[in-house]
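Overview (structure and organization)
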Amino acid sequence: MNRQLKVALINHSDTLGGAAVVTYRLKSALRRAGVDARMVVYTKGSDSPNVYQISSRFLRGINFMRECFSVARANGWNRDNLFTVSTGAAGYNLASHPWVKEADVIVLNWVNQGLLSLADIRRILKLGKPVIWTMHDMWPLTGVCHQAKDCEGYLYNCGYCPLLHGGKRANDASTCVMDKKRKLYERHKITFVAVSHWLQEKCRQSTLLRDRDVRVIPNAFPIDFFITKPMHQLQTFDLDYSKKMIVMGAARLDDPIKGLDYAIEALNKLFDRSPELANTSLAVFFGDIRNAGAFRRLRFPHRYIGRINDPKLLRQLYAGSDVVLSSSLCETLPGTLIEGQAAGCVPVTFGEGGQDDIVEHLKTGYIARLKDTDDLANGIQWALENPIDRDMLHQTVHDRFNADTVAKSYIALFNELIGS
């Protein structure tokens, strides 16, 4: 009898944040497929016995503050961008953790903010086991930033980082951290997994990863959980479901990278050009927001319903909606588009990120030109006026993103690396 494959997945959390959610789903899918998959995390939110939270709360806080201190020092003691960059200066020696030592394959995920330093990653690599690094953002291929946006420093050697005290020095922290990553990658073998073809292309362009082994495996989603029609008469959130519904959500809607202002401007343009369509429609926004007055200038009929903590309520909201909207300026693989499409919503989005892996323009959705609110308004109007078979939309994402399919892709990669 073959011994059960052991896999250690390392991520900052098992429940907090997009990387945590998809990594936990992958862990569960791998276990269903017969793999002894376990997670080692900095912050544990679930009650799963297959998730281990490292150290004490006090010591975790110390490590978190060490990383924050490193970022603040690199930033000239300015608090701006404190959590948009990471230096990989502080972390834990997880190479000595029993689950990591016993594993046949180790999968790094989002490991910043005090979980793993670059030195800690080197210790794991020295164990001589196959190591996969699943990239949920751009940090493995840049100096210090998690999303490069318009900056092209990662194509060369970073420096003059716009996120560090004005970006006025060629040899700033972004250059120093990039040099540490370069030495790490040159001396040790890592198989990188990009969650979208867009991110893989960024790797091919980058100075750090252009010559490295970069595969594409998408994030795992519970596609079968989402239904294409409401299971009963909807009373959810006291919304008027007789109207055509446009839904947009995010963990934090007014995070600048989510582009909320572009969505508002596009909806206002659609209201001005086609008031009849607007008055038979409703834009619904969910998620946290810091600026309580963010929607005051939105003339299009709308409702803000706050954070949704119950997945069943979210499922019902998607099932009762017609369009799922994303105005994000950069997304490696937008989860709300996949969830909405799984429920039969027509996706409308900007095209900077992994959207091409989800949406086929003018067939299963609309991809607007980046920051072009006229085109985004065109896309919303097109989606409202051109309904697409909901079951077909569900199937297009089911075939690519359901958790069990993603787990099979990882298992194939595990076996390949172990065999080689």
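This text gives an overview of the structure that appears in the document. (Residues numbered from 1 in each chain as written. Predicted model: local features only at pLDDT ≥ 70, side-chain atom pairs only at ≥ 80, totals over all residues. Heavy atoms only, no water.)

1. What about the overall build of the protein chain?
The condition that has to hold: Going along the chain from the N terminus, every DSSP run of H or I of four or more residues is numbered as a helix, and every run of E of two or more is numbered as a strand. Only the C-alpha atoms count toward the radius of gyration. The rule for a globule is 2.2 Å times the residue count to the power 0.38. With a 1.4 Å probe rolled over the protein chains alone, any residue whose accessible area is under 20% of its type maximum counts as buried; one over 50% counts as exposed, and the rest are partly exposed. In this analysis, two residues are considered to be in contact whenever any of their non-hydrogen atoms come within 4.5 Å of each other. For the area figures, the Shrake-Rupley method with a 1.4 Å probe applies, and any residue is considered shielded solely by the protein chains shown. Only four residue types enter the tally: Lys and Arg on the positive side, Asp and Glu on the negative side; His and the chain ends are excluded. Charged side chains are reduced to one point each, which is NZ for Lys, CZ for Arg, CG for Asp and CD for Glu.
Counting secondary structure elements, the protein chain contains 13 helices and 13 strands. The C-alpha atoms of the protein chain give a radius of gyration of 22 Å, which matches the 22 Å a tight globule of 420 residues would have. When its C-alpha atoms are laid out on the principal axes, the protein chain stretches across 65 × 60 × 40 Å. Every one of the 420 residues in the protein chain was classed for burial, and the buried ones make up 59%. Excluding contacts between residues fewer than 6 apart, the proportion of contacts in the protein chain whose partners are at least 24 apart in sequence is 67%. Only carbon and sulfur atoms are counted for the fraction: they give 50% of the accessible area of the protein chain, which is about 18300 Å². Taken as two groups, the 53 positive and 44 negative side-chain charges of the protein chain have centres that lie 8 Å from each other.

2. A word on the packing of aromatic side chains
So the rule is basically this: Working definition: rings of Phe, Tyr and Trp (its six-membered ring) pair if their centres are within 6.5 Å, and the pair is stacked with planes under 30 degrees apart, edge-to-face with planes over 60 apart, and tilted otherwise.
Tallied over the entire structure, the rule returns 15 aromatic pairs. Here Tyr 185 and Phe 192 contribute two aromatic rings whose centre-to-centre distance is 5.1 Å and whose plane-to-plane angle is 75 degrees, an arrangement assigned as edge-to-face. Judged on exposure class, the residue Tyr 185 and its partner Phe 192 are both buried. Here Phe 285 and Phe 295 contribute two aromatic rings whose centre-to-centre distance is 4.6 Å and whose plane-to-plane angle is 40 degrees, an arrangement assigned as tilted.

3. A short note on the sheet that holds strand β10 (residues 302-304)
The strands making up a sheet associate through backbone hydrogen bonding, with each pair oriented either parallel or antiparallel. Note the threshold: At least two DSSP bridges between two strands are needed for those strands to be called paired. The angle between two axes is taken between their N-to-C directions and runs from 0 to 180 degrees, where each axis is a line fitted to C-alpha atoms and a helix contributes only its stretch in contact.
Spatial ordering of the open sheet is given by β10-β9-β8-β11-β12-β13, a layout of six strands whose pairing is parallel. Looking at the sheet topology across the chains shown, the edges are occupied by β10 and β13 (366-368). Here the average twist between neighbouring strands, direction ignored, is 20 degrees. Relative to β13, strand β12 (residues 346-350) runs parallel, the two sharing three bridges. From the neighbouring strand, Val 348 faces β13, where its bridge partner is Tyr 366. Strand contacts of helix α10 (residues 335-342): β8 (244-252), β11 (323-326) and β12, with the helix running at about 175 degrees to β11, the strand carrying the most contacts.

4. Digging into the pairing of strand β6 (residues 191-194)
Both faces of β6 are covered, namely the face carrying Thr 191 and Val 193 and the face carrying Phe 192 and Ala 194. Here β6 runs beside strand β7 (residues 214-216); their pairing, made up of three bridges, is parallel. For Ala 194, the partnering residue across the bridge sits in β7 and is Val 216.

5. Some details on the packing of helix α4 (residues 118-125) against helix α5 (residues 173-187)
Test applied: Roughly parallel means an angle under 35 degrees; roughly antiparallel means over 145; roughly perpendicular covers 65 to 115; every other angle is labelled oblique. The nonpolar class holds Ala, Val, Leu, Ile, Met, Phe, Trp, Tyr, Cys and Pro. Asp, Glu, Lys and Arg form the charged class, and all remaining residues, Gly among them, are polar.
Interhelical geometry of α4 versus α5 gives an angle of 0 degrees and a closest axis separation of 11 Å. In terms of orientation, α4 and α5 fall into the roughly parallel class. Taking contact as the criterion, the partners of Leu 118, Ile 121, Arg 122 and Leu 125 in α4 are, on α5, Val 177, Lys 180, Lys 181 and Leu 184. Broken down by class, the residue content of the contact of α4 with α5 amounts to five nonpolar, no polar and three charged.

6. Examining unusual backbone geometry
Located in the positive-phi region is Lys 149, a residue other than glycine, with phi close to 55 degrees. One can find Lys 149 in the loop between β5 (131-135) and α5. Positioned with a positive phi, Asp 238 is a non-glycine residue whose angle comes to about 55 degrees.

7. A few points about a nonpolar patch on the surface
The condition is simple: Patch definition: residues above 30% relative accessible area lacking any salt bridge, with like charges linked at up to 9 Å and the nonpolar side chains Val, Leu, Ile, Met, Phe, Trp and Tyr linked at up to 5 Å. Salt bridges, as used here, are contacts in which a Lys or Arg side-chain nitrogen is within 4 Å of a carboxyl oxygen on Asp or Glu.
A surface patch of nonpolar side chains, amounting to about 310 Å² of accessible area, comprises Phe 58, Leu 59 and Ile 62. Mapping Leu 59 onto the fold places it in helix α2 (residues 57-74).

8. Focus: the nonpolar core
Note that soluble globular proteins tend to have their nonpolar side chains buried in a common cluster. Put simply, the rule is: The set of buried Ala, Val, Leu, Ile, Met, Phe, Trp, Tyr and Cys residues whose side-chain atoms join them within 4.5 Å is what this entry labels a nonpolar core.
With 82 residues, the main nonpolar core has Ile 10, Leu 94, Leu 108 and Leu 317 as its most contacted residues. The residues touching Ile 10, leaving out its near neighbours within four places in the chain, are Val 40, Leu 94, Val 100, Ile 106, Val 107, Leu 108, Asn 109, Trp 110, Val 111, Leu 115, Leu 116 and Ile 124. Counting residues in each nonpolar core, the second largest holds 34 residues, with Ala 263, Ala 294, Leu 298 and Ala 368 among its members.

9. Notes on the pattern of salt bridges
Side chains that differ in sign of charge can pair as their charged atoms come close. Following the criterion strictly, the structure yields 22 salt bridges and no others. Between Glu 201 and Arg 204 there is a salt bridge, with its nearest N and O atoms 3.9 Å apart. Here Glu 201 pairs with Arg 204, and both are found in helix α6 (residues 197-205), just three residues apart, close to one helical turn. Classification of Glu 201 by relative accessible area gives partly exposed; the value is 35%. Via salt bridges that share partners, Lys 6, Arg 31, Asp 36 and Arg 38 belong to a single interconnected network.

10. Let's talk about the sheet that holds β6
If you walk across this open sheet you meet the seven strands as β3-β2-β1-β4-β5-β6-β7, and the pairing is parallel. The open sheet has two edge strands, β3 (51-53) and β7, and neither has a second partner. Ignoring strand direction, the axes of neighbouring strands in this sheet form an average angle of 25 degrees. Helix α1 (residues 18-32) contacts β1 (6-13), β2 (36-43) and β3 of the sheet and is inclined by roughly 160 degrees relative to β2. Across the face of the sheet, α6 comes into contact with β5, β6 and β7 while running at roughly 170 degrees to β7.

11. Focus: the environment of Thr 23
Tracing the backbone shows Thr 23 in helix α1. Since its relative accessible area comes to 2%, Thr 23 is described here as buried. In the structure, Thr 23 is positioned 85 residues away from Leu 108 in sequence and 9.9 Å away in space, judged by C-alpha atoms. The residues touching Thr 23, leaving out its near neighbours within four places in the chain, are Leu 9, Asn 11, Met 39, Asn 109 and His 136.

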